[in-house]
Amino acid sequence: MQVNEKEFKPTIVAFCCNWCSYAGADLAGTNRLNYPADVKIIRVPCSCRVNPMFILRAFQRGADGVIMCGCHPGDCHYTTGNYYARRRMTLLFSMLDYLGIERERTRVEWVSAAEGAKFAATMNEFVETVTKLGENKRLEDLRCKEK
Amino acid sequence: MQRIGVFVCWCGSNIAATVDVEAVSEALKSEPGVVFSTNYQYMCSEAGQNMIKDAIKEHNLTGVVICSCSPRMHEATFRKTVQGAGINPYMVEIANIREQCSWIHKDKQTGTEKAIILGKAAIAKVHLNAPLTAGESPVVKRALVIGGGIAGIQTALDIAEAGFDVDIVETKPTIGGKMTQIDKTFPTLDCAACILTPKMVDCAQNEKIHIYSYSEVTAVKGFVGNFTVSIKKKARYVDTTKCTGCGVCTEKCPVKNVPNEFNLGMNNRRAIYIPFAQAVPKVATIDADYCNMLKNGKCGVCSKVCTAGAIDYKQQDEIIEEKYGAIVAATGFNPIKLDNFDEFAYSQSKDVITSLEFERLTNAAGPTSGQLLRPSDGKHPHTIVFVQCVGSRDTSGCGKPYCSKICCMYTAKHAMLTREKYPDTDVYVFYIDVRTPGKNFDEFYRRAVEDYNVHYIKGMVGKVAPRADGTLDVQASDLISNEQLHISADLVVLAAAIEPDKSARPLATMLTASMDTNDFFTEAHAKLRPVESPTAGVFLSGTCQGPKDIPETVSQASAAAAKVIGLLCKDKLTCNPCVAHSDEMLCNGCSSCEKVCPYGAITYSDKEFRMPDRTTAIRRVAAVNEAVCQGCGACTVACPSGAMDLKGFSNKQIMAEVDAICK
């Protein structure tokens, strides 16, 4: 019997804004909508709190994909936060692409507090995409590696 | 180094069934700084909370990590708990191992592994937590109710009753809303006007209530306790302080062909009008789209006949600004447009009407003075077909996916009243399901079937075809007998789905209140906080939150009022201490943060700094007004020198979480 011990499990960091997406993720949970355990959520007050440094750090530390979720454009709890986030991420993601981190490993998605199903579907799809791409080594900081 | 205590909750079996709580508390014990780790059945229970308090005292804990349900649920609870044991409430972090772990992962090993990682991230964060002190902000003791239907009226009356000032903003020339158009109300069949109009008059006479009719909210600034709202008073070309509501102008106006929206266009009104006899405020309004004087300067009849001299053709829209402590959204509903439902021939035949039109046809103040007559030829209909769920429970995309909730009951009412008044009429009701939960609702429906012999047929109407003889061929299937039916009807009444009023979406944007995919306002918690929006200080009343009948709307309106009163009773509110702050030593005064701040919370000033060589230098640095900052964090990312950081969600804290997750 062949042991499939090398089955690749990606590390995915999801930044979720407190008002819409984090609540959407909670709703997915309340409705028992499955998505892979590879996704770990970090709560931020607003998508505009996500500093590009956090995303760089995640990739440096071995994340295989990073997704940022916020309120739908126009629905930001702080009125304009997600517009800033959208612009910043557009720039950051194109820079990451240039550095060799495939465009598919980064994503921005708008998920409202009522969209539990969308949250679960997005995460399922994102994990599938990243799993297909395989491990990300481009930005990995070897000094961070244990052993 | 912090001394951290970890508390893993089983949440009964909600967490414990798919997460090995013992293994989680054991694994987290070896994390740096953790001096105590345990698990318990219900951490939020009194026993659980006491366990936390005791552990804090016994082990001299400085930080607490709770692995439990979502922080949106119990963060406040646990903050209070640790405060009770003498540590700062902001030294608590929650690892969400229920909603975002145990409930979505069926495999126990997977769930346990993820729970451990989430716990580690929370521990890493709490290491960097610092005690925070919340500031205070004053409360403006005045409430705003947006929408003057039965929901808004009830909310305003209850708030005023408690002694607070309250303003109602209504877009129509009169308050009253949809209920004014309804004839009778289920299940008691009392007349809508008889129970509503006294409340409207109460509003007008209550000195605590101010009504801005024919007005809309155009901008909202500020936050809970201190909103600044711009209200546009649309020009009605009549001085409301002079108009006595005598109605002479509305009789003399020569423009007679304006569709009367109160009767849903089934008859006409004049260009100057009072919507209906019991309107509040009872003053005339000129419809600028039709008035000859306003369009081409020729006429002026109303001005000549007005003995009070109230007509003012030069009136302009006026925008005023008011301050409020709390805002209640009560924007209500509308029946959907039936453009997507050609099969029912609504646009082709005058004798296919909506249920709200049926209300007007049976109302004594309606276009037919209460006589049930066919709109096409004015004859009494002998066969009436009611079609339920037109656009409700419709997943095809043409209508709405939800149940509109009120249609089963009002159709039973229509059918019953028709049979009562005109026993010679045959009444058919086509339904998918009859839903009658509610006090005395099922009894009411059964009376329609059993005592009034209304023919209820389970099945869908496929097509309504107008015939040359003026009748309507209703083609339907009877799902129980499995037959195709052709009914020759004189009148077809469609129970159109209801949808939130179109003004709700832009209002939600102004209030930064969230909405669901159907444009109903989202409540802070579906079960436990049903009348509050997630945005502090914004409350929800009536159908803007979801389909409701009148009794439910009134209960929710009073509940919203109770919440508003609770807020306005306070002299000061505790602010969110998770706000931005600037490190003056790093700030270079570039203004990047000020530009992105949506609240104008950042100001600059020149400050004197002592340099290492004992000279002094004056530099321009940013400072955050903590009472105004709402803690979004936009400035922290915009700051190029890293001077701006957010308390409670600092760069270092989030980085630590990232590290813990990616390890």
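Residues numbered from 1 in each chain as written. Chains lettered and ligands numbered in written order. Predicted model: local features only at pLDDT ≥ 70, side-chain atom pairs only at ≥ 80, totals over all residues. Heavy atoms only, no water.

Caption draft 1: The overall build of chain B, seen in detail. Helices and strands together make up the secondary structure of chain B, namely 18 helices and 34 strands. Its C-alpha atoms give chain B principal-axis dimensions of about 95 × 65 × 40 Å. Evaluated residue by residue, chain B yields a buried proportion of 55% over its 663 residues. At a minimum sequence separation of 6, the contacts of chain B that also span at least 24 residues come to 67%. As displayed, chain B has an accessible area near 28,300 Å², and 50% of this comes from carbon and sulfur atoms. In chain B, 71 side chains carry a positive charge and 73 a negative one; their mean positions are 4 Å apart. (Helix = DSSP H or I, 4+ residues; strand = E, 2+ residues; numbered from the N terminus. Buried < 20%, exposed > 50% of the residue type's maximum accessible area, 1.4 Å probe, protein only. Contact = heavy atoms within 4.5 Å. Areas by Shrake-Rupley, 256 points an atom, 1.4 Å probe, with all protein chains shown as cover. Lys, Arg positive; Asp, Glu negative; His and termini not counted. Charge placed at Lys NZ, Arg CZ, Asp CG, Glu CD.)

Caption draft 2: Geometry of the nonpolar core. A:Val13, A:Phe15, A:Ile55, B:Ile602 and B:Met644 are the most contacted members of the largest nonpolar core, which has 54 residues in total. In terms of residue count, helix α18 (residues 651-662) of chain B provides more of this core than any other element does, 7 residues in total. Not counting residues within four places of it along the chain, the set of residues in contact with A:Val13 comprises A:Lys40, A:Ile42, A:Ala58, A:Ala63, A:Gly65, A:Val66, A:Ile67, B:Ile661 and B:Cys662. Counting 38 residues, the second-largest nonpolar core is a separate cluster that includes B:Phe7, B:Val19, B:Ile87 and B:Ile123. (Core = buried A, V, L, I, M, F, W, Y, C linked by side-chain atoms within 4.5 Å.)

Caption draft 3: Spatial organisation of the packing of helix α5 (residues 108-127) of chain B against α18(B). Residues and elements named next belong to chain B. Direction vectors running N to C along α5 and α18 enclose 150 degrees, while the axes themselves pass 8 Å from each other. As the angle between them shows, α5 and α18 are arranged roughly antiparallel. For the pair α5 and α18, the crossing hand works out as right-handed. Residues Ile117, Lys120, Ala121, Ala124 and Lys125 of α5 touch α18, and the partners they reach there are Gln653, Ala656, Glu657, Ala660 and Ile661. Across the contact of α5 with α18, the residue classes tally to 6 nonpolar, 1 polar and 3 charged. (Axes fitted to C-alpha atoms, helices over the stretch in contact; angles between N-to-C directions. Parallel < 35°, antiparallel > 145°, perpendicular 65-115°, else oblique. Left-handed = near helix turned anticlockwise from the far one by under 90°. Nonpolar A, V, L, I, M, F, W, Y, C, P; charged D, E, K, R; others polar.)

Caption draft 4: Spatial organisation of a nonpolar patch on the surface. Among the surface-exposed residues, A:Met95, A:Tyr98 and A:Leu99 lie close enough to one another that they form a single nonpolar patch of about 350 Å² accessible area. Relative to the assigned elements, A:Met95 resides in helix α3 (residues 81-98). (Patch = residues over 30% accessible without salt bridge, like charges linked within 9 Å, V, L, I, M, F, W, Y side chains within 5 Å. Salt bridge = Lys/Arg side-chain N within 4 Å of Asp/Glu carboxyl O.)

Caption draft 5: A look at empty space enclosed by the protein. Per the stated rule, a full pass over the model turns up 7 cavities of 30 Å³ or more. There is about 240 Å³ of room inside the largest cavity. Lining the largest cavity we find 18 residues, and of these A:Tyr22, A:Ile41, A:Arg43, B:Ile94 and B:Glu657 sit closest to its centre. At the level of elements, β2 (39-44) of chain A together with α3 (71-84), β4 (92-96), α5 and α18 of chain B are the ones that each hand at least two residues to the lining of the largest cavity. Class assignment for the residues of the lining of the largest cavity results in 11 nonpolar, 2 polar and 5 charged. (1 Å grid on protein atoms, 1.4 Å probe; cavity = no way out; pocket = protein on both sides within 12 Å on 5 of 7 lines; lining within 4 Å. Points joined across faces, edges and corners; volume = space filled by probe spheres on them.)

Caption draft 6: Summary view of the interface of chain B and chain A. Opposite the 49 residues of chain B that make contact, chain A presents 50 residues. Summing the contributions of chain B and of chain A, the shared interface buries around 4,300 Å²; its carbon and sulfur component is 59%. Our count for the chain B to chain A interface comes out at 6 salt bridges. Across the pair A:Arg49 and B:Asp645 runs a salt bridge, and its minimum N-O distance is 3.2 Å. For the interface between chain B and chain A, the tally reads 19 residue pairs in polar contact (both at pLDDT 80 or more). Those elements that provide at least two residues to the side of chain B that touches chain A are α3, α4 (98-102), α5, α14 (504-511), α16 (592-596), α17 (634-638), β34 (644-646) and α18 of chain B. With 8 residues, the top contributor of residues to the side of chain B that touches chain A is α18(B). For the side of chain B that touches chain A, a count of residues per class yields 21 nonpolar, 16 polar and 12 charged. (Buried area = accessible area lost by both parts, 1.4 Å probe. Polar contact = N/O pair within 3.5 Å; in protein donor to acceptor, adjacent residues only side chain to side chain.)

These results come straight from atomic positions and should not be treated as a statement about function.
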